[in-house]
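Remarks on the overall topology
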Protein chains: 2
Amino acid sequence: MNQMNIRVYENIMGANEAWAAKTKEFLKEKRIAMFNFIGSPGCGKTALLETLARYHQVKMAVLEGDLETTYDAERLHQWNIPVFQLLTKGGCHLEAKMVYEALKDLPLEGSPLVIVENVGNLVCPAEFDLGENGKIAFLSITEGEDKPAKYPYLFREAKACVITKLDLLPHLNFNLDRLLSFIKEVNVSLPVFQTSSLQNKGVKEFLNWLKNYQ
Amino acid sequence: MNQMNIRVYENIMGANEAWAAKTKEFLKEKRIAMFNFIGSPGCGKTALLETLARYHQVKMAVLEGDLETTYDAERLHQWNIPVFQLLTKGGCHLEAKMVYEALKDLPLEGSPLVIVENVGNLVCPAEFDLGENGKIAFLSITEGEDKPAKYPYLFREAKACVITKLDLLPHLNFNLDRLLSFIKEVNVSLPVFQTSSLQNKGVKEFLNWLKNYQ
């Protein structure tokens, strides 16, 4: 007979909110801005971070979220970015406690900016507050125009949207105006940045927005 | 005072397994094969279904999983594919009960093949048995070579892997051999199909595999 037929959980979301609040306080005290990068697997989150370090000499620290492997952290390490790897071991999103614990150990001197690169997933990470200043929605143009309507939660929660891989536009059957109008339908006031990390285009504009975000 | 401080759940995974078992029985009785298509948002799951209908006259029915919108179902409807939309309303994966209920209502005469197109997500859908004959892992080459290692659960569970958007290969900094070796590392015996739905390449080989899968 299965004795574990009923599982009892604490109020998980409540606990997450408490850790997120502690993080918010910590960031405020240290005068650090933290942004939470969210998007599909392979949408170009790490590539944008590489471009920020390589071409714009951005001082930042990164908390790198993955299920397995330290590949992305290794990529960032090459550009002398202080980076900590958070492995979820199968989990589909980062939670506030993981971020808080790692944040306290990060070498933050001279890094007024912390980026959390969440697990590649357009759904679950949008639902978890990490105490960040803002969530950033990433979308590669290879994913098609309709994704903001099909995955609206992230685009409603986000403070900015970064469209990636614009360099591939000539090779795709893709209508950029259609994507922009889908974004507007979901979140009319969302700032949108059209970028190519490969060509270092639109990245400066996004960086200026990050620096000036209150 | 919050009276809902403790949440009590039934054994959710247990219930899912029971519904999956009922589905398995139903499919066996009706002599229907059901496959569960899983991959990132915009990786080309719907495009492959369109190509199967358009160029290969495949008789099939589709259960279309999405958080919101009926866009994919509308695309398939144009090709006279019997399609039912399953909306998760924010949920990150399909569960067995939703599939079982819809399956019973689908017009299945002359459709020995049912495809479940899961929510676009490389993580969560891999963990839920829907009673399918096999999960199929989709991966677009625009996502990068390392995804099987970074999201290994799906690639371990899958019975076949469909690599999509091969037509974009000349325009990407992408090493196909590196992807194939990452797949092998995770699941050495996984059959892999290299496809372009746009050019109708590799689709026939995948279809033959589907038809012959026991």
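Residues numbered from 1 in each chain as written. Chains lettered and ligands numbered in written order. Predicted model: local features only at pLDDT ≥ 70, side-chain atom pairs only at ≥ 80, totals over all residues. Heavy atoms only, no water.

What follows covers the overall build of chain A. Helices and strands together make up the secondary structure of chain A, namely eight helices and eight strands. Its C-alpha atoms give chain A a radius of gyration of 18 Å, within 12% of the compact-globule value 17 Å for 214 residues. Out of the 214 residues in chain A, the part that is buried amounts to 57%. Sequence-distant contacts, at least 24 apart, represent 71% of the contacts inside chain A between residues at least 6 apart. Surface summary for chain A: the accessible area is close to 9800 Å², and the carbon and sulfur share equals 49%. Taking the average location of the 24 positive side-chain charges in chain A and that of its 26 negative ones, the two points are 4 Å from each other. (Helix = DSSP H or I, 4+ residues; strand = E, 2+ residues; numbered from the N terminus. Rg over C-alpha atoms; globule rule 2.2 N^0.38 Å. Buried < 20%, exposed > 50% of the residue type's maximum accessible area, 1.4 Å probe, protein only. Contact = heavy atoms within 4.5 Å. Areas by Shrake-Rupley, 256 points an atom, 1.4 Å probe, with all protein chains shown as cover. Lys, Arg positive; Asp, Glu negative; His and termini not counted. Charge placed at Lys NZ, Arg CZ, Asp CG, Glu CD.)

Quick look at the confidence of the model for chain A now. The predicted coordinates should not be examined in detail at positions where pLDDT is low. Averaged over all residues, the pLDDT of chain A equals 93, while 94% of them reach at least 70. Across residues 1–5 of chain A, confidence stays below pLDDT 50; counting only partners more than four residues off in sequence or on other chains, it has four contacts. (pLDDT = per-residue confidence, 0-100.)

For the rest of this paragraph, the subject is the pairing of strand E7 (residues 160–164) of chain A. All names here are of chain A. For E7, the buried fraction is high: five of the five residues fall into the buried class. Every second residue of E7 is oriented toward a common face, with Ala 160, Val 162 and Thr 164 on one face and Cys 161 and Ile 163 on the other, all of them buried. Note that strand E6 (residues 134–140) and E7 share five bridges and pair parallel. Paired with Leu 139 across the bridge in E7 is Ile 163. (Pairing = 2+ DSSP bridges.)

This paragraph deals with the sheet that holds strand E7 (residues 160–164) of chain B. Residue and element names in this part refer to chain B. The strand order across the open sheet formed by seven strands is E4-E3-E5-E2-E6-E7-E8, and the pairing between neighbours is parallel. Both edges of this open sheet fall to strand E4 (83–87) and strand E8 (192–194), since each of them pairs with a single strand only. Averaged over all adjacent pairs, the angle separating strand axes in this sheet is 20°, with direction ignored. Contacts from helix H7 (residues 176–186) reach strand E6 (134–140), E7 and E8 within the one sheet, and its direction differs from that of E7 by about 160°. (Axes fitted to C-alpha atoms, helices over the stretch in contact; angles between N-to-C directions.)

Counted according to the given criterion, the structure contains 16 salt bridges over all chains. Between Asp 72 of chain A and Arg 75 of chain A there is a salt bridge, with the nearest N and O atoms lying 3.8 Å from each other. Residue Asp 72 of chain A and its partner Arg 75 of chain A are located together in helix H3 (residues 71–77), separated by three residues, close to a single helical turn. You can call Asp 72 of chain A buried: its relative accessible area is 2%. In this structure, the salt-bridge partner of Arg 178 of chain A is Glu 145 of chain A, at a minimum N-O distance of 3.0 Å. With Arg 178 of chain A in helix H7 (residues 176–186) and Glu 145 of chain A in the loop between E6 and helix H5 (147–150), this residue pair connects regions lying 33 residues apart in the sequence. Each member of the salt-bridge network shares a partner with another, and the members are Glu 50, Asp 66, Asp 72 and Arg 75 of chain A together with Lys 150 of chain B. (Salt bridge = Lys/Arg side-chain N within 4 Å of Asp/Glu carboxyl O.)

Turning our attention to H7 of chain A. Looking only at H7 of chain A, the buried set comprises Leu 176, Leu 179, Phe 182 and Ile 183 of chain A. The buried side chains of H7 of chain A occupy one side of the element, clustering within an arc of 120° when seen end-on. Exposed residues on H7 of chain A whose side chains face more than 90 degrees from its buried face are Asp 177, Lys 184 and Glu 185 of chain A. Here the buried face of H7 of chain A lies against E6, H5, E7 and strand E8 (192–194) of chain A together with helix H3 (71–77) of chain B. Its side-chain oxygen 3.1 Å from the backbone nitrogen of Asp 177 of chain A, Asn 175 of chain A forms the N-cap of H7 of chain A. (Arc of directions from axis to C-beta. Polar contact = N/O pair within 3.5 Å; in protein donor to acceptor, adjacent residues only side chain to side chain.)

With that settled, consider the side chain of Glu 132 of chain B. All names here are of chain B. On the secondary structure map, Glu 132 appears in the loop between strand E5 (113–117) and E6. At 2.7 Å, the side chain of Glu 132 forms a polar contact with the side chain of Asn 36. Polar contacts involving the side chain of Glu 132 include one to the main-chain amide nitrogen of Leu 130, which spans 3.5 Å. Among residues more than four places away in sequence, those in contact with Glu 132 are Lys 24, Met 34 and Asn 36.

Residues and elements named next belong to chain B. For the structure on display, the rule yields zero disulfides over all chains. Left unpaired, Cys 92 is separated from the closest cysteine sulfur, that of Cys 124, by 3.5 Å. Take Cys 161: it sits in no disulfide, and the sulfur closest to it among the cysteines is that of Cys 43, at 10.0 Å. (Disulfide = S-S within 2.5 Å.)

Let's shift gears to the nonpolar core. Side chains that are nonpolar tend, in soluble globular proteins, to be buried together. Residues Ile 163 of chain A together with Phe 155 and Ile 163 of chain B are the most contacted members of the largest nonpolar core, which totals 51 residues. Secondary structure elements with two or more residues in this core: E6, helix H6 (152–157), E7 and H7 of chain A together with E6, helix H6 (152–157), E7 and H7 of chain B. (Core = buried A, V, L, I, M, F, W, Y, C linked by side-chain atoms within 4.5 Å.)

Further remarks concern the packing of aromatic side chains. Tallying each qualifying case throughout the model produces 22 aromatic pairs over all chains. Plain terms: the ring middles of Phe 26 of chain A and Tyr 100 of chain A are 6.4 Å apart, the flat faces sit at 80° to each other, and that makes the pair edge-to-face. With Phe 26 of chain A in helix H1 (residues 12–30) and Tyr 100 of chain A in helix H4 (residues 96–105), the pair connects residues that are 74 residues apart, well separated along the chain. Among the residues examined, Tyr 100 of chain A registers a relative accessible area of 11% and is labelled buried. The interplanar angle of 40° and the centroid separation of 4.7 Å between the aromatic rings of Phe 37 of chain B and Phe 138 of chain B together place this pair among those described as tilted. (Phe/Tyr/Trp six-rings, centres within 6.5 Å; stacked < 30°, edge-to-face > 60°.)

With that out of the way, let us pick up the packing of helix H2 (residues 45–56) of chain B against helix H8 (residues 203–212) of chain B. Axes are the key here: two packed helices are described by the angle between their axes and the distance separating the axes. Residue and element names in this part refer to chain B. Remark: H2 packs on H8, axes separated minimally by 11 Å, with the N-to-C direction vectors making an angle of 90°. Put simply, H2 runs roughly perpendicular to H8. Between H2, through Leu 48, Thr 51, Leu 52 and His 56, and H8, the contact on the second element is made entirely by Val 203, Lys 204, Phe 206 and Leu 207. Considering only residue class, the contact of H2 with H8 consists of five nonpolar, two polar and one charged. (Parallel < 35°, antiparallel > 145°, perpendicular 65-115°, else oblique. Nonpolar A, V, L, I, M, F, W, Y, C, P; charged D, E, K, R; others polar.)

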